[in-house]
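Observations on the model geometry
Next come the chains, spelled out residue by residue.
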Amino acid sequence: MRYFDARVIENRSLGAGYYVLRLGGCESLERSEPGQFVMVRGDWERDPLLPRAFSLLGVAPGGRADVLAKTVGRGTALLERTIPGARLSVLGPLGKGFPSPARGVTDLLVAGGVGMPPLFMQADRASRAGLAAQCEMLYGGRSSRDIVLVAEMRSLGVPLFLATEDGSLGRRGRVTATLEARIDEHRRAAGGATRLRILACGPKAMLWAVGRIARERSIECHLSLEEQMACGIGVCLGCAVPARSRPFRYVCKEGPVFDASEVLDVAQLVTPGAGNPALK
Amino acid sequence: MTPLDLSLTGPDAPPVNLAVDCGGIGFRNPVLTASGTFGYGREFEGLLDLHALGGLVTKGISPEPRFGNPTPRIAETASGMLNSIGLENVGVEDFERGKLPFLRTCGSKVIVNFFGRTFDEYVECGERLGRLDGVDGLEMNVSCPNIKAGGIEFGTDPRVLGELVKACRAVVRKALWVKLTPNTSDIVSLARACAENGADALAIINTITGMAIDAHTRRPKIATVFGGLSGPAIKPIALRMVYQVRRAGIPLPISGIGGIQNGTDAVEFMLAGATTVQVGTQSFIDPAAAERVLAEIVSYCRRHGVSDVRELVGGLRTS
């Protein structure tokens with residue numbers, strides 16, 4: 001992990017506030033794993049104050065790193081306006097990523113909206129390892145405008161299943177419905193013999209729904225979580241998430257990817273704080 | 001990151017004495033890292049030269065481990081951030097076993113921030129930490145709710161604060177600093193209570209109580225509703241309080257804290273009366289911030305013909 005200056009090589013708008021920043025000077029990110037993230041900040045003086053966390057979309061030899069972002073606030077709005085040559089401070093790679101693709105395991109990559117990057121990177125990793133056929137990408141968003149980089153995704157050779165809530169692209173409905181359908185299909189086709197694994201990143205509601213589906217069907221599941229964080233290195237303790245084995249775990253150091261059985265959905269706890277002294 | 005100002009450096013640059021004595025501790029330079037923003041030191045290994053710091057102030061330690069508050073715990077605000085972490089820490093025992101061995105190797109002075117929920121816990125914690133090898137001094141966090149007094153901060157009542165300092169002083173043989181809360185209308189009385197009861201130095205200031213609301217969801221942005229505001233937003237308040245205590249003639253050295261982002265900010269605190277400065281929230285933004293602040297202080301001194309940083313302390317011109 002290093003703290004360094006990167007240069008914007010390209011800022012490619014994808015519409016609807018989505019954009020890909022291609023950064024140069026990121027040699028120290030070359031060995032990053034899918035799911036790992038970086039803290040990024042421009043020369044913004046005092047405001048907005050904190051760097052922004054982004055999961056990596058991809059890294060390439062020569063110090064190139066890609067980040068997909070969507071403008072949701074002032075920090076991402078400033079980044080959307082950066083021009084080639086602009087200097088950005090980068091801290092990374094941070095956190096723990098998704099498990100590697102494995103022979104004999106079919107990975108269902110579930111991506112929701114701007115949570116797609118680490119799964120794109122995972123699909124790329126599988127493709128490079130000759131395991132493209134052993135994973136499939138299930139990618140959902142509100143509408144077709146929230147589904148980006150589809151051509152790039154198709155070029156990885158990984159089966160792609162799209163879903164939009166308004167039905168403007170792919171299957172109408174939530175990506176979790178697609179997930180259930182794909183699990184059923186795999187189980188039917190192999191008579192239940194296929195070993196499935198779910199890797200997911202997206203909005204919280206989607207993640208907890210994915211976690212529930214995995215639990216009900218006894219499927220190994222890894223969720224990449226997002227929380228407010230200031231530092232990215234386990235110091236500010238802002239990114240705590242309630243956990244099963246300890247009161248809290250930290251997204252920045254122990255995540256962002258967690259085994260779904262370890263992290264708890266606060267909203268779903270029947271009695272807040274039950275069995276978790278930190279939540280009282 | 002802002003490029004380091006390396007003007008007036010090199011072999012021909014005039015020497016600047018950076019060593020300062022603050023509250024019974026000799027520091028190689030006046031730049032420390034503030035409690036709660038630098039973990040237990042090791043988190044920053046490889047991100048800056050820990051040996052280059054004047055000292056580091058640890059996360060606040062309590063007698064027993066604490067798990068901290070519900071989430072969300074932090075929110076960004078205009079030029080600052082709010083936090084309500086809940087004083088989460090590993091406790092004295094784990095600190096000694098798991099954190100202190102590394103801190104001993106850093107080569108910088110180690111100041112351990114500590115607190116308790118009750119009077120007795122403060123005394124117990126101070127006594128246990130003060131006995132440890134490798135601890136150069138203690139910094140009392142008095143911004144905690146006093147459970148037995150309805151949750152009022154220990155540090156807001158000069159009488160209570162004075163008694164607390166006195167009780168800790170009786171058992172702590174090392175340097176004893178008190179980190180004052182700014183949530184008061186009379187910082188000078190609090191400073192005086194510390195001076196009269198045996199404190200060695202004052203750290204000014206802790207975070208300022210604030211809140212942030214999400215208008216869309218109509219909810220507070222952090223779970224505990226109120227949190228501590230830090231960052232450049234609070235610098236003018238911190239400077240004012242350092243200066244008020246200095247001007248009142250309170251006979252204790254001051255460690256200035258509050259929104260220090262660069263060498264100029266640090267120099268301003270020294271001019272207001274601080275002998276050392278603590279870099280806090282900026283370490284979240286730039287993990288090497290403390291080292292950068294130090295380099296920029298040196299650069300300032302060379303540019304202004306200052307041969308000894310101690311000349312800056314209280315050097316504000318008001319006439």
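For the structure, check the block above.
Residues numbered from 1 in each chain as written. Chains lettered and ligands numbered in written order. Predicted model: local features only at pLDDT ≥ 70, side-chain atom pairs only at ≥ 80, totals over all residues. Heavy atoms only, no water.

1. Examining the interface of chain A and chain B
At the junction of the two partners, chain A supplies 33 residues and chain B supplies 34 residues. Taking both partners together, chain A and chain B bury about 2800 Å²; carbon and sulfur atoms supply 64% of that area. Among the residues of chain A in contact with chain B, Tyr3, Leu49 and Val235 of chain A are the three that bury the most area, contributing 24% of the side total. At the junction of chain A with chain B, the criterion picks out one salt bridge. Residue Glu76 of chain B pairs with Arg52 of chain A through a salt bridge whose shortest N-O separation is 2.8 Å. Counting every contact that joins chain A to chain B gives eight residue pairs in polar contact (both at pLDDT 80 or more). When contributions to the side of chain A that touches chain B are tallied by element, the ones reaching two or more residues are β1 (2-15), β6 (87-94) and β14 (248-250) of chain A. In terms of residue count, the dominant contributor to the side of chain A that touches chain B is β1 of chain A (four residues). Of the residues in the side of chain A that touches chain B, the class split is 21 nonpolar, four polar and eight charged. (Contact = heavy atoms within 4.5 Å. Buried area = accessible area lost by both parts, 1.4 Å probe. Salt bridge = Lys/Arg side-chain N within 4 Å of Asp/Glu carboxyl O. Polar contact = N/O pair within 3.5 Å; in protein donor to acceptor, adjacent residues only side chain to side chain. Helix = DSSP H or I, 4+ residues; strand = E, 2+ residues; numbered from the N terminus. Nonpolar A, V, L, I, M, F, W, Y, C, P; charged D, E, K, R; others polar.)

2. Here's the deal with the environment of Asp66 of chain A
Residue and element names in this part refer to chain A. Note on placement: Asp66 falls in strand β5 (residues 64-70). With a relative accessible area of 7%, Asp66 lands in the buried category. Linking Asp66 and Ile198, residues 132 residues apart in sequence, is a C-alpha distance of 24 Å. In this structure Asp66 touches Val20, Leu21, Arg22, Leu56, Leu57 and Gly58, once residues within four positions along its chain are discounted. (Buried < 20%, exposed > 50% of the residue type's maximum accessible area, 1.4 Å probe, protein only.)

3. Structural notes on the layout of surface pockets
All names here are of chain B. In this model, the second largest pocket occupies a volume close to 1100 Å³. Counting only elements with at least two residues in the lining of the second largest pocket, the list comes to β6 (80-83), β13 (208-211) and β16 (226-230). Of all the elements, β16 adds the most residues to the lining of the second largest pocket, at four residues. Residues of the lining of the second largest pocket, tallied by class, amount to 16 nonpolar, 27 polar and five charged. (1 Å grid on protein atoms, 1.4 Å probe; cavity = no way out; pocket = protein on both sides within 12 Å on 5 of 7 lines; lining within 4 Å. Points joined across faces, edges and corners; volume = space filled by probe spheres on them.)

4. Looking at the sheet that holds strand β18 (residues 274-279) of chain B
Residue and element names in this part refer to chain B. Around the barrel, which closes on itself, the eight strands sit in the order β3-β4-β7-β8-β11-β12-β17-β18 with parallel pairing between neighbours. The average angle at which neighbouring strand axes cross in this sheet is 25 degrees, direction not considered. Note that strand β3 (residues 31-33) and strand β4 (residues 55-57) share two bridges and pair parallel. Across the sheet, Leu32 pairs through a bridge with Gly55, a residue of β4. Helix α6 (residues 263-272) contacts β17 (254-257) and β18 of the sheet and is inclined by roughly 145 degrees relative to β18. (Pairing = 2+ DSSP bridges. Axes fitted to C-alpha atoms, helices over the stretch in contact; angles between N-to-C directions.)

5. Quick look at empty space enclosed by the protein
With the rule as written, the count across this model stands at two cavities of 30 Å³ or more. One number sums up the size of the largest cavity: a volume of about 40 Å³. Lining of the largest cavity is provided by Tyr3, Met39, Arg41, Pro51, Ser89 and Leu91 of chain A together with Phe284, Ile285 and Pro287 of chain B. Mapped onto the lining of the largest cavity, the elements with two or more residues apiece are β3 (37-42) and β6 of chain A together with α7 (282-285) of chain B. Here the lining of the largest cavity is built from residues that sort into seven nonpolar, one polar and one charged. Estimated volume of the second largest cavity: approximately 30 Å³. If you trace the second largest cavity, you find it lined by Lys204, Trp208, Leu225, Glu226, Glu227 and Val241 of chain A.

6. Some thoughts on the nonpolar core
Residues Ile198 of chain A together with Leu129, Met140, Val178, Leu180 and Leu202 of chain B are the most contacted members of the largest nonpolar core, which totals 140 residues. By residue number, the principal contributor to this core is helix α8 (residues 289-303) of chain B, which donates seven residues. Contact partners of Met140 of chain B, with chain neighbours within four places excluded, come to Phe114, Tyr122, Leu164, Val165, Cys168, Leu176, Trp177, Val178 and Lys179 of chain B. Among the nonpolar cores identified, the runner-up in size contains 29 residues, and Ala123, Tyr139, Ile147 and Leu149 of chain A belong to it. (Core = buried A, V, L, I, M, F, W, Y, C linked by side-chain atoms within 4.5 Å.)

7. Concerning unusual backbone geometry
For the peptide bond that leads from Asp47 of chain A to Pro48 of chain A, omega is -5 degrees, which places it in the cis range. Here Pro48 of chain A lies in the loop between β3 and β4 (52-60). In this model, Gly255 of chain A is joined to Pro256 of chain A through a cis peptide bond whose omega is 5 degrees. Within the secondary structure, Pro256 of chain A is located in the loop between β14 and β15 (257-259). Of note, Leu87 of chain B is a non-glycine position whose phi angle comes to about 60 degrees, a positive value. With respect to the helices, strands and loops of the structure, Leu87 of chain B is situated in the loop between β6 and α1 (91-104).

8. Thoughts on the pairing of strand β2 (residues 18-24) of chain A
Here is the key point about a regular strand: its side chains alternate between the two faces of the sheet. Residues and elements named next belong to chain A. Burial analysis of β2 places six of its seven residues in the buried class, the great majority of the element. In the sheet, β1 pairs with β2 via seven bridges, with the strands oriented antiparallel. Each residue of the ladder has a partner; that of Arg12, found in β2, is Val20. Once β1 ends, the chain turns through two residues before running back antiparallel as β2, passing Ala16 with a positive phi of about 55 degrees. Bridge analysis of β2 against β5 gives six bridges, and the strand direction is antiparallel. Looking at the pairing, Leu21 lines up with Val67 of β5.

9. A closer look at the pattern of salt bridges
All names here are of chain A. Scanning the entire structure with this criterion turns up 34 salt bridges over all chains. Here Arg125 and Glu33 are joined by a salt bridge, their closest N and O atoms 3.8 Å apart. Of this pair, Arg125 sits in helix α2 (residues 117-128) while Glu33 sits in the loop between β2 and β3, and the two are 92 residues apart along the sequence. Here Glu227 ties to Lys204 by a salt bridge, and the two come within 2.7 Å at their closest N and O atoms. With Glu227 in the loop between β12 (220-224) and β13 (240-242) and Lys204 in helix α5 (residues 204-216), the pair connects residues that are 23 residues apart, well separated along the chain. The exposure class of Glu227 is buried, given its relative accessible area of 15%. Through salt bridges that share partners, Arg246, Arg249, Glu254 and Glu262 make up one connected network.

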